[in-house]
Each structure stands twice: as structure tokens, then as C-alpha cells.
Amino acid sequence: MPEKIIVADNIIKIFDEGQPNEVRAVQSVSLCVFEGEIVAFRGPSGSGKTTLLSLLGCMCKPTSGEIIVCGERITKWSEHFLTMFRRKHIGFVFQNFNLIEHLTAYQNITVPAIPLGLSFHEMNLRVHKWAEILRVDHRLAFPINLLSGGEIQRVAIARALVAEPELIFADEPTAHLDTKLSNELIEIFSNLKDYGKTLLIATHDPIVYGSKIVSRIIDFRDGHIVESGA
Amino acid sequence: MIRDSWIISLLLSEFISLVLIFSAAILAIRIARKWNISSSAKEQLVLERKSYLVSTIMMYVFSFEMVSMWLFVIIVNDHLPPIIKGAMCGTGSLNANQFGWIVLDLKSAEFVFLALWLILHHLDRKIPEYPLTREKNIFLLLLAPLVCIAFTIEALYFSTINPNIITTCCSITFDTTAAGSSSVGIFSAIPEGIIVRMFYGLSVAALMTDGLVLYSKRWMRTTGYVLAPITGVAHFIIVFLAIVHHYAKYIYGMPNHHCPFDMLWKEYYFVGYLIYALLFLSVISSLSICVTGLARRKQVIRFEATSLSRKAAIWNAGSTVALFVLLVCVEWIWNAAALQIQ
Amino acid sequence: MSRWINILGFTALLLKRYWRSTLSLIVVYSIIVFAFASVLMFIQSLSYESGIVLRSLPDVWVQRVIGGRLVPIDNDVTAGLAKIRGVSCVHQRVWGYYFDEGTGGVFTIVGSDSIPDGLTMLAGKGLTSFDTAGVAVCGTGYLELHGVSIGSDIIFTDTERHLRTLRITGVFTSSSDLITRDLIVVPYGEARRLLGIGNTSSTDIAIDVTNPDEVETVVRKISQRIPNVRVVTREQLISTYQSLFGYRGSLFLFGLMISLLAFVILAWQKAGGLSSKEQREIGIQKAVGWSIPDIMIQKFCEGTIISFNATLLGLIAAYCHVFFFGAPLLKPFLVGWSVVFPGFHLLSHLELSSIVLVFFLSVIPYLAATVVPSWKAAISDPAEIMHA
């Protein structure tokens, strides 16, 4: 029986509470994610999926409620401790990939590993390991602006993996990709599951939530979970 | 005297430290009042971020003060003596007016308290809830006026030096047959033999206190936490007196040379750096035993505070022993060499 | 430690990327360091050189002062001075200033029967023991101003408006220009005539003391026994020169403070005014796991690299300016002016503590100025990247 890797209990996130522009992005959400799952959060833009990912991904704190990630109650932690925890346990793949253009693929992949205090040798090993798995090892010396769309995508994923996190969060990963690249991405995510990673994907792309690799779909609307099913 | 470029440079950097610490103090007031780690309100996030700025400023101030203390010693021991009548070393420079030794005392205290703040900060950062943030910031609010007073007295010292007024040098200031007028000179009335015995006694007392802190029985540890600052500060004062009254002459090879500063120079193999580094390490570690002992009152940080107080006790023991061995060896080697010559 | 090294390497990468703005900042910064370091090196070299030169002076000299002005002192005083315990040697000195109407130069005339200690001859011969032979040994200043050379005759007007002709028999080397540029050494008799000092008096009386530690005691005794005299010691003169050099240096320093302040404001704006690219990059770093302290370490490394490199560059430029090129930008302001000006070559004398002082004065204000802007850059919200 797989362990629960994420448990969220009645979490609420309100931006600018008490102000005229108050926004209730997440409202009374409770869920749990098991190890090895690939969970897709499905919902339209503005439904609160990204905010939920930020909360579960230790990027911000909920207004109320409890979140447990990898066995740690993170809700009352300071920003610094959330960051320290996040960089070891959670890797992010962003909507625009958000790579640093003037750096090479190699340098981009090392960015999350730099503050971990790894030796140069260890960092180098990890970069080459994930670059090989993701088939971008032959392009490591190239700056980002000389890489193809698919290569950029894989470099972004390698960057999310270099710290060897247990969890991978992807926010609309196929938003700017064509069908071919989207399918390639699905294949990569399927391989990651074999490496024991747990994936949470926020998406409104049917290619993603409709694929076989997704073990569960959670429907999200106006900050609420509407439906959850395999 | 204040027109001298070295002195202007020193005062400028001290002024920068002062501005920085006062900026930190202004932030510290708000942090101390409004801190609530359980809150997820935006204000708490802002306070956490400001807390980083405060700790970074304090690290900068500590580094600047460490360097400026070294520069201060260079100025009083190397740069001022040729200009001040009768001054042959730093002692003479500091005796030039009533502020000299007070400046040194304040700068030393400032350095020690800044180090203690950083130790408290290091402890605070070990726990996600940052349980000592409020106490840390209150401590900062007490430190800021000390830095201001130190700067003011230092500026007064340099601006009121009259190079034409003859000052007294170390052979008179530290003469145990007559008490000098400086804050150190007052202690010169204590006979040399008694100072040396007090040095031995307090070194043993410091080690015993460290032993109490390391011991597992609770009441013994508590006794250790209470005794540590007392033995630490007393040890610091007595070691300094023992150095100038007794061990200096073995370091310099001259019976009337008592200067506490010349041993920092190349002629004496920079041994002064080692001696004073150990001395400050000893007093800082003994005071941090007390600070971490107080922090243990908070349940959430008890384990970390106990662990840190043990580390401080080990550092204190190590530096006390090293200092003792170093000074006693200097005397023994000198005496052995003198016997051989005879 | 690995963390710091990794971040330092990453910072160097980023600086290489934005090399234009980094380089322009380093250049401006190093100009300010250059200015301060030049002043410091110049003054230090002058102090050192004058210290060497002044060492050859007598321990004490006694002058008569009436109404605040120096007047010739009676030679009778010499006997009394010689009797003071601790005094090893007493000799009368005849010297004074001569205003050369033709050129406007003021020369120092020193009466002597031999070349004073520590001075070297370029050419010709020095003086020997003689009475009134009309010879002179000059510094390069007189020769250049009058266009004369060894063997030429020079004409002086004494205090009774009589013309005195002297033959130049020797010239001092230009390496001793600091003290010989305006110097003319003539026999005692000639000096007395030119300066109007009678045979029973002297300009002042020089005293050497056997034990240097006894100088103050001897000075006190002289002051007690002989009224209306001013007693000057060599140590007083040395400390006066050091104070003077320090004072002149600090005048420059005060002026430089304004430049330093302007630069600190520039540094503050540069550190804080991040371009949108830089802001985005920091946001990405925060989003992938860099904490606020990590970003601040990065900014600290950036500040340290810039300030250390600029300071080093400024120091090297200052060293070349002062010791290879003779400090042309500073000399006119720091050494005063004269018609007869020494073209002296500054001795290369640089103490480690001065280098440390320069680093101290340049690095600390810069790092202090960049603390708050670095923090502002570091506190960007990682969640914003998610929503970008």
C-alpha cells in the first residue's frame, strides 16, 4: 500500500484579506496524494489550480488549514524553512519553462543544485545523469536560445530533477507546446514514474488529463474540488 | 588629530556601522512588536523578510567592527606614538586622554555582544518557528545604543588628543607598585603574584563550569549556566592583567615592557593575535553558555539550545586550556633558556 | 563552504553576462580608489623620505627668539650648554635665507667647512677647511635658474650691499634634491658676511645628546638655565612634518568623501535598479529553491568581486602614478610651491597596513551601500513566477 505523500486538510487561501480586492483563490480544499501517483488538476484558467500547486509545493502558506508533505507539517513554517524543504523534496516545471536564456543547458540544470552545497563532482554527476535519461546530454553546452522546443522542455524537466526530489509539480506544462511535443512530454512523465517520482500536474489540456499515465483527475472550479476520480 | 587620514577612515567605517545598526534597530522595533509566526497574513511574511535584512546587517556590522578593531589597534600602536609626546606604544596613545581605555573597553564589549547576537540568531534559525526572534530583536535594541556610545567616545578620544601633552607609557601604567590613572592602571595595585594565582584559579574554575554544563544532571547544568558568565568575564579580565603584568615580559624579553599591543607585531611572531583570539573566544563561548541556557526555557528549542550550550562549553574549555598552556609555556621556555645561559 | 563556492561561481557567470555595466562600475570605482590611494602613497613616501633625511639633523638646536622672530644667538651660550650633563657635542651653526632678486628665488645659505653629512656630490669637489676662500657648493636649483655650471663665478650681495663673488666648485646630486635643491654651502666667513651675522653670534646652536632617551631632560635644563631661547628637538620636527603630511592628506580625503558619497549613491542605485531581465532571473532562482540568504550571498559575492577588483585596479594605477610617473596630478597640491622646486623622485615605500586601509575605505562603504538593494532583490515572491 503506497504511503500518503501529501495530505491537505481544509486549506483556504485568501489574497488581500479584508481589502476591497480580496480574492478567495482556494476554498476548503482537502485531498491526499499517494506515492507514485500522477495526479492531474483539471479546471479552467482562474480556477485556483496554480494557487493550489503553490500551496502544496511550499511556495506560500495557506490562510488556514493543514498541509503535510513528506510527513512534515509545513503550515506554520517560515518562508525560509519552506524554501529549504521545497528545494530538497519538490521540483517544479513551469508553464513557460522559465529557463535563464544566456546560460547554457548545463548551467540552467545546475541552478537548483547550487545552493544545496553539493560538491562540483556530485553536481556534475547528477546533471549528466538526468540529461542522459532525458536525452539532452549532447546539447548541454548550448545556450538555451539555440535549443529546439522539445530540448528546452527536457532541460526544464532535468532542472526540476537535479535535486533528486520525490515530488514533481508541473503547471500547464503543455500550454505552449504542439501535439507532438505534448505527447513527448507525456512519455517523459511516464518514465519519471518509473524512477519513483510522484507528479502533480495542473492542466486544462485533454492530451494530458486524458492520457493513460494519469492515475487520478481532480476537477477544480472557483477554488473548490468539484470531482475527483481515476 | 581628527584631521589624520587614518583616523578619518576608521571613524567613517564606524559611522557606516552605526547607520546600519540603527537602520536594523528601526526594523527590530516593528519585528519585536508584531511578530507572530503562526499568522499567514501578508504582514508576517513582510516581517520575516525584514528579519533577514536585520540579520544580514548584523553580520556586516560584526565583520566591519572586527576589521575596525584591528585598524584601531594599528592606529594607536603604530600611527599615533610618533606623534604623541612620550608615547612609545599603544598604551601611551590610549593614556593621551581620559577616553582612550574607555574606547578599547567599549569596542571589546561591542565585539563580544555582536558575536553573542549572531550566536542567538544561529540558534533561532535552527527551528522553523524562529522562537527567539522577539528576544533577538530586543537584544539588538540594547546593542544599538552601545554602538552609538562607543562611536561617540571614540570620536571624542581622537578629537581631544593633544600631541604636546606628555603621556605615560606601559612601564608606568602597568607598574604594580603604583596604580595608574587608566581603567587598567587601577588594577595595577594588585600584586603580580596574586594576579598569576588568580589566573590559575579562574582557569580551573572556568573548566569546572564547563564540566557542569556538559554533565547530564539537570541541576548541575543549571548551575553551570549561572556560573559561566561570571567565571568567563572574571577570567577575561584576569587573563588580560596576567598578560600585561606577568607574561608580557617573557614575550618581549624585557622586564619593564608591559605593552599589550606590541605582541601583535612581526617582531614577536604575531603571537598577540593567537592570545587575543583565544581570549575573546573564551569569553564569547562562556557568555553564550549563559545565553543558550536562557533560551532553553522555551520548550520548542530546548534540545537545540542544550546542544549548542554543550558545544560552547567545549569551545570554552578548549580555548581556556590553550590560553593557559600558551602563556605558561612562554614563561617556562624563557626560564629554561635563562637557566641554560647561566 | 561548497555552497559559497558554488554561488560565487554562479555570480561570476552572471557578471560575465552583464560585463558592460559591471566594467563601467569598476572603472568609476577604481578612479576614486586611485585618487585616495595616490594621496596615501604620496604622503607615506614623503613621510618616509623626510624621516630618513631628518635623521641626520642634530638631536636638539637652540635658537633665540625675540618678539616671536628668530634672531642670532650669542656664542657665549655655547660654554654653558657644553657643561650640561648628557650633552656630547655643541656646535654653532651659521645659516639663513638669501633672496635672489634677479630670479625671485629664495636660497638657503649654510656656512660650513665641509660637506654636511648625508649629502652627495655630483661633480667637482667639496669644501675643505679654509677661512674665507671665495668658493661655493650649490644645489641644482641655483645652477638651473642662473644657467651656470661648475667653475662659473656667482655674485651675491651682502647685507651692506657689497658684491661678493664666489666660484662654484661643486654641485649636489639631484637625488638629494629634496634638501639640496635650494642649498648653497659656503665657508663660514662668507656665510657670516652674506647673512650679516657677526663673529660673536650664530644663527642657532646645535646639540647632540649622548643618550637619546635623555633628550627631554636636556631640553628642560636648557630652558631653565638660558632665558629667551627656543629649544627644538629633532623628534618634534619629525612629528610636525608627519602631522603636516597627515593634515594635507586629510584635506584631500575630505574632498574625496564627496566623490565617495556620490559613488555610494551610484552603487545603491545600480544594486537596486535591476532590469526586468535580472528581476526575472532572480525570480526563477527563488522559484527553483534559492532562499533569501542564498540570493543575498550571491549579491554579496557580486559586491565583493566588484569592490576587490576595482580596489586592486585603483591601487595598481595609484602605485604607477606615484612611483613611476612622480604623481604629476598630486605633487603641485601636496608639496606647496616655490620658484626653486625640487624635482625629487619619490622613494617606493608602501606598507601593508596602507593597502589594508585602502581596501577598508573602499570595500566597506560599497558593501554597506548594497545591503538594502540586495535584500530588496532577494525578497521577490517565488509564487509570482508560477503566475507569470
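Keep in mind that this is a model prediction, so the values were computed, not measured.

A word on a nonpolar patch on the surface. Judged by side-chain polarity, Trp19(C), Leu23(C), Val27(C) and Ile31(C) come together as a nonpolar surface patch covering roughly 390 Å² of accessible area. Topologically, Leu23(C) is positioned in helix α2 (residues 19-54).

This next bit is on the interface of chain B and chain C. The interface of chain B with chain C comprises 27 residues on the first partner and 34 residues on the second. Taken together, the two surfaces of chain B and chain C that pack against each other cover about 2,700 Å², and 78% of this comes from carbon and sulfur. If you sort the residues of chain B by the area they bury against chain C, Trp6(B), Arg49(B) and Tyr60(B) come out on top, with a joint share of 22%. Run the count over chain B and chain C and you get zero salt bridges. Here chain B is connected to chain C by two residue pairs in polar contact (both at pLDDT 80 or more). Every element with two or more residues in the side of chain B that touches chain C is listed here: α1 (5-34) and α2 (42-79) of chain B. With 13 residues, α2(B) is the single largest residue contributor to the side of chain B that touches chain C.

Okay, the sheet that holds strand β1 (residues 4-15) of chain A next. Residues and elements named next belong to chain A. The strand order β2-β1-β4-β5 describes an open sheet built from four strands, whose pairing is antiparallel. In the strand order of this sheet, the two ends are held by β2 (23-34) and β5 (72-73), each with one partner. Contacts from helix α1 (residues 49-56) reach β1, β2 and β4 (64-69) within the one sheet, and its direction differs from that of β1 by about 120°.

Between chain A and chain C, the contact holds 30 residues from the first and 28 residues from the second. Around 2,600 Å² of area is buried between chain A and chain C when both sides are counted, 63% of it from carbon and sulfur atoms. Between Arg87(A) and Asp294(C) there is a salt bridge; the shortest N-O distance is 2.4 Å. Where chain A touches chain C, the interface holds eight residue pairs in polar contact (both at pLDDT 80 or more).

Enumeration over the complete set of coordinates arrives at 32 aromatic pairs over all chains. Between Trp130(A) and Tyr195(A), the ring centres sit 5.4 Å apart and the planes meet at 65°, which makes this aromatic pair edge-to-face. Of this pair, Trp130(A) sits in helix α4 (residues 120-133) while Tyr195(A) is found in the loop between α6 (179-194) and β8 (198-203), placing the two residues 65 residues apart along the sequence. Under the relative-accessibility criterion, Tyr195(A) is labelled partly exposed at 42%. Their ring planes at 65° and their centres at 5.4 Å tell us that Phe236(B) and Phe280(B) sit as a pair that is edge-to-face. With Phe236(B) in helix α8 (residues 218-252) and Phe280(B) in helix α9 (residues 271-295), this pair connects stretches of sequence that are 44 residues apart. For the pair shown, Phe236(B) and Phe280(B) are each scored as buried. A connected cluster of aromatic rings, assembled from ring pairs, spans Trp77(A), Phe81(A), Phe85(A), Trp35(B) and Tyr130(B). Stacked on the ring of Tyr209(A), the Lys or Arg Arg42(A) has its end atom at 4.7 Å from the ring centre.

Cut-offs applied
Residues numbered from 1 in each chain as written. Chains lettered and ligands numbered in written order. Predicted model: local features only at pLDDT ≥ 70, side-chain atom pairs only at ≥ 80, totals over all residues. Heavy atoms only, no water. Patch = residues over 30% accessible without salt bridge, like charges linked within 9 Å, V, L, I, M, F, W, Y side chains within 5 Å. Areas by Shrake-Rupley, 256 points an atom, 1.4 Å probe, with all protein chains shown as cover. Salt bridge = Lys/Arg side-chain N within 4 Å of Asp/Glu carboxyl O. Helix = DSSP H or I, 4+ residues; strand = E, 2+ residues; numbered from the N terminus. Contact = heavy atoms within 4.5 Å. Buried area = accessible area lost by both parts, 1.4 Å probe. Polar contact = N/O pair within 3.5 Å; in protein donor to acceptor, adjacent residues only side chain to side chain. Pairing = 2+ DSSP bridges. Axes fitted to C-alpha atoms, helices over the stretch in contact; angles between N-to-C directions. Phe/Tyr/Trp six-rings, centres within 6.5 Å; stacked < 30°, edge-to-face > 60°. Buried < 20%, exposed > 50% of the residue type's maximum accessible area, 1.4 Å probe, protein only. Lys NZ or Arg CZ within 6 Å of the ring centre and 35° of its normal.

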